Structures are given as structure tokens and as C-alpha cells.
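# Understanding the architecture of this molecule
Spelled out, the chains give:
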Amino acid sequence: MSLWTNVSIGSDSEEETVNFGTTTFPANNGSLFQSYTLAKIEPEGEISEDPHMLASSFSSGQVCVSANSSLIVFTNDTCSELQFTHTFESTINCFTVSSDGLFIIVGVGSEIHCLLQGQLLFSRSVASMVDSDNFIFVKIFIEVTENGVPDVSLVGNSGQIFRLSNTNALSMPMKGDSNESLKQTVDLIQVQLLKKDCCKSEVSCAVILHDCKSERFVLMGDEITVWSKSRTESSYLEPSITRIKAVIPIECVSLLVALCEDGQLLMLCPQTLLLLLLWNKFSVQDMVLLDSPSADDEGTLLLLTQSHEDKISYIQIVTLPGMEIKYKFSVSFPTYLMPLLSSTQEVLYLEGNKTSNTDYISSLHIKTIVESRPIDRYQKLLRRYKFDAAESFAVSFGLDIELVYKERVKYCMGLLQPWTAKAATDESVNFTTFVSYLDKIQDLEFVCEACIKTITGDLTKTQTLLDYASNRLKNTNM
């Protein structure tokens, strides 16, 4: 199993893109999006299979990516600084970060590991508490109680629910105690088994729902199980609904959004778990909540979909709860969305890159999609003297194409100057090109100013330009 610990970061401020390039593409509503690569992760040595990947940004601002047994943590959601990497003995199954960013709790097989600022603080095993050799943790929750103590809950794939006891030690850094005194108390932290078998089938995802002062664990897979301290209820899915692989709670509008393995989206009532809506307009591969709905505004859900017709992968932004498609644009395969728990305004996702000589993913690119105005992109192309690209762009987006001709004229004015290195050999070509672009410009003031200010090494050409400006003025109805 390859270790994915080679990380490349950095940016080129002049190009306003990262070392690995940028992609620009239009959405179906005329908006313009740009995709930037923020960081690249590569394996050490040869690869023999695609990596098992997880990724998320957190309220602390950190971005975490796991590939097989390697955990890569960036300081912030721009991925401009690598905080640390850590490698475990087996594949990482899940992880989460505390709200202050100090602790990361990682599930690896039947073990949980707690990292404090990149250093392993403690490890615990639940192997003796479970009967299955294939046990893994599928979800870890960290919630802070009223007295500031982290409350850590864990869900296993066979329906087990665990909780860490004596987690007061995890709040010690917040109170200013040294890390050394913290380590002296972590031995008190143990794993408690709250429920051994909540359900009969395998669990793939879970959420915690809060109701007044109580909490309910909702476990999903081939069935939906609700567990609380007072009761346990299970219900099997309808025959037309396949296994649920992901779920997002949207408590402010009393909605659970669940994703099935066959690509259908389910809208469920969190109180009764009754199906409110089944959405199968596209085959959904992954989903992320961008903005939670409020009373005054619609929320947005980010979907990775595949068209039934052309089998192309798309990123779509849809409104909640109406599921109206706002934007849609194609992305390469394979792509993996990244849950956004931080305050970032950009969309983050992982893109797997395969080289021509291998069938496996050879690098992971952390990318961001930002919406920009077409005019901004247009002006950027002009500043870089990419005139052909700018002209095509202007046609596509209905922008003022005369700006291209004006910038071409300015560029030719520089080439025509006698002290320019290319002037001696290319002067006739540059002059002809210069005049041809003047012909395309309707702005008479600009044309006349260009003719007057252009300096050439040939008085005949200078007189030609002055005559050109005079004729344009004569032929214009003032």
C-alpha cells in the first residue's frame, strides 16, 4: 500500500493561479467559473491500486485529506501551508477535527487515534468489544458541551455506538495547561460501548439529531435505525430504494438528504423518517451542503452527477428544498467532493489524475471553483496579450470585442518604436497589422490619439498615420 505524503503547494501571483494550472469554463446560465489547483498530493514509489480517499474542510479552517494510510493536513482552506502529515499502519476509514483545530480523531480499522497538533496523543482499540473481524468506524462526532468539554461519539459499521469517557483532558489546552500535563491525564480517556448492535445490516453513514435536550443517532445503510437512550427503532428501505451511502442533516428546515448507491436522492422527514421526495433527475455520485437554508434565503446543495445520456461527470449547484438547478458544469473523472465545514466561500474538491502509462490514480489535486465575472476574465486575457483567446472569449460571452482591437493597437505601437528590437525586421508587417486593427475600431477619439502618438522610424509611415486619422475624421458624420 503506497504512502501518499509527497505534497506540492504554492502559487504564481502574476498568473493568479497555482503551479499546476487553471481551467476556465462557463456554466449553463452564462456565469463563468474558474478551477484552480491549490495543492497536489503524490505517492512515494510505485502504485498498484487507486487510493482510498477522504477529504473535508473544518470549522477550524483546516483542510484534511486522507489517502490510504496517510493523513495530510493543511493550515487553512487555501491549502497554502502544509501543517503536517501522519501515516498510520492501516487504511484511514474516517476522521474529524475539533472546533478549535487542536485535535484530530482518526478511525483506522478497530482503532481510534487522537492527534494533538500533529503528534499522536493516544490510541484506543475496540477489537475486544466487537464480534466482526471486518469492523471499521464509519463516523466520528465531536460536540462541545456547555462546560467546554468535548463530547466524542463514534459509530461502527455493524451498528455499534461508542463514546469516549473522561474527555476533560481534551479541553485542557483551552484552559492554558501545558501539553505535558495533558499527556499525564490521557490514560483516563477510555472507550465506552453504548450500544452493541443497533441494526442487523451494515451501516455506511450516520448523523446525530438533537431534539430539545435529547439526542438521536440515525444510522443508515440497507435499513434506517434510530437509537436514543430510551428506545431503538429500525425500518427497512422500500424495494425501489437501494442502499444509502451518505446523509446530510438540514435541521433548520427539518430535512434529511440521503444519497443512495444507485444515485437517487431522498428527502426524509427527520422526525418520522418518511420519504418526502425522491430526486432522480441525474445519477448523483456525491453531495455536499454549501449553504444551509434559512427563513429568508434558499440553501444550496453541491452535487457530483453523471448524465444518463452522455455519461459525463458534472458539478451541479441546486437550491434547497426545491432542487432547482442553478449551475452545471462538466468536470473530469474521477472527482470527489469535499464537505465544507469551514467559512470558505469557494467550492473545494479532489481530482484524481491518471497518467498515460497507468490505469491507477497517480496524483490527487485539491481544487477550488470560484465564480467570476466574464469581464474580469476578459481583461485578464488582454493583460497577458492573449489576443486570440480574448477575441474568442468576447464572442462567446457577448463582450465588447473592440477592446481586443484596441489592445492589439497598443501592442503594435510598442513594436513600431524604432528602439524596439523587432522593429527593424518586422516594421512593415507590424505597420500593416496596426492599420488593419485601426480599421476595426469605431472609437474615433482612440484612433486619432493612436495615430498621433505612434512613433516610427519612418517619416513616411508617420505621415501615413496622420493622413489616415484625417480621412477617418472627414468620413465621419459629426
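This text gives an overview of the structure that appears in the document. What you are looking at is a predicted structure, and each value in this text was computed from that prediction instead of being measured.

### Notes on the pattern of salt bridges
A full pass over the atoms with the stated rule returns 14 salt bridges. Close ionic contact of Arg-231 with Glu-233 constitutes a salt bridge, the shortest N to O distance being 2.7 Å. Exposure remark for Glu-233: the relative accessible area of 40% places this residue in the partly exposed category. With a shortest N-O distance of 3.6 Å, Arg-243 and Glu-261 are connected by a salt bridge. Taken as a pair, Arg-243 in the loop between strand 21 (232-236) and strand 22 (244-250) and Glu-261 in the loop between strand 23 (255-260) and strand 24 (265-268) lie far apart in primary sequence, 18 residues in all. Owing to a relative accessible area of 16%, Arg-243 belongs among the buried residues under this scheme. Members of the salt-bridge network, linked through shared partners, are Asp-151, Arg-163 and Glu-215.

### Some remarks on the sheet that holds strand 25 (residues 275-279)
With antiparallel pairing, 4 strands are arranged side by side in an open sheet as 22-23-24-25. Whereas interior strands pair on both sides, the edge strands pair on one side only; in this sheet they are strand 22 and strand 25. Between one strand axis and the next, the sheet turns by 20 degrees as a mean value, whatever way the strands run. The sheet contact formed by strand 24 and strand 25 spans 4 bridges and is antiparallel.

### Topic: the sheet that holds strand 6 (residues 53-57)
Sheet strands associate in pairs through backbone hydrogen bonding, adopting either a parallel or an antiparallel arrangement. The strand order across the open sheet built from 4 strands is 6-7-8-9, with neighbouring strands paired in antiparallel fashion. Every other strand in the sheet has two partners, leaving strand 6 and strand 9 (82-87) as the edge strands with one partner each. On average, each strand axis in the sheet is inclined to that of its neighbour by 10 degrees, with strand direction left out of account. For strand 7 (residues 63-67) and strand 8 (residues 70-74), the ladder comprises 5 bridges, and the chain directions are antiparallel. By the bridge assignment, Ser-66 is partnered in strand 8 with Leu-71.

### Some thoughts on the environment of Tyr-411
With respect to the helices, strands and loops of the structure, Tyr-411 is situated in helix 4 (residues 402-416). As a C-alpha pair, Tyr-411 and Phe-434 span 23 residues in sequence and 8.9 Å in three-dimensional space. Excluding its chain neighbours within four sequence positions, the residues that come into contact with Tyr-411 are Tyr-385 and Phe-387.

### As for helix 6 (residues 444-453)
Inspection of helix 6 places Leu-444, Phe-446, Val-447, Cys-448, Ala-450 and Cys-451 among the buried residues, and these make up the whole buried set. Put simply, Asp-443 is the residue that caps the front of helix 6, since its side-chain oxygen is 3.3 Å from the backbone nitrogen of Glu-445.

### Focus: the nonpolar core
Core analysis: the biggest nonpolar cluster contains 32 residues, and Val-65, Ile-315, Met-338, Leu-350, Leu-364 and Ile-366 have the highest contact counts within it. Every residue in contact with Met-338, bar those within four places of it in the chain, is listed here: Ala-55, Ser-56, Ser-57, Val-63, Val-65, Val-288, Leu-348, Tyr-349, Leu-350 and Ile-366. Counting residues in hydrophobic clusters, the runner-up holds 23 residues, among them Cys-94, Ile-105, Ile-140 and Leu-164.

### A word on the side chain of Ser-201
Topologically, Ser-201 is positioned in the loop between strand 17 (190-195) and strand 18 (203-211). Separated by 2.9 Å, the side chains of Ser-201 and Glu-223 make a polar contact. Not counting residues within four places of it along the chain, the set of residues in contact with Ser-201 comprises Asn-157, Asp-222 and Glu-223.

What counts as what
- Residues numbered from 1 in each chain as written.
- Predicted model: local features only at pLDDT ≥ 70, side-chain atom pairs only at ≥ 80, totals over all residues.
- Heavy atoms only, no water.
- Salt bridge = Lys/Arg side-chain N within 4 Å of Asp/Glu carboxyl O.
- Buried < 20%, exposed > 50% of the residue type's maximum accessible area, 1.4 Å probe, protein only.
- Helix = DSSP H or I, 4+ residues; strand = E, 2+ residues; numbered from the N terminus.
- Pairing = 2+ DSSP bridges.
- Axes fitted to C-alpha atoms, helices over the stretch in contact; angles between N-to-C directions.
- Contact = heavy atoms within 4.5 Å.
- Polar contact = N/O pair within 3.5 Å; in protein donor to acceptor, adjacent residues only side chain to side chain.
- Core = buried A, V, L, I, M, F, W, Y, C linked by side-chain atoms within 4.5 Å.

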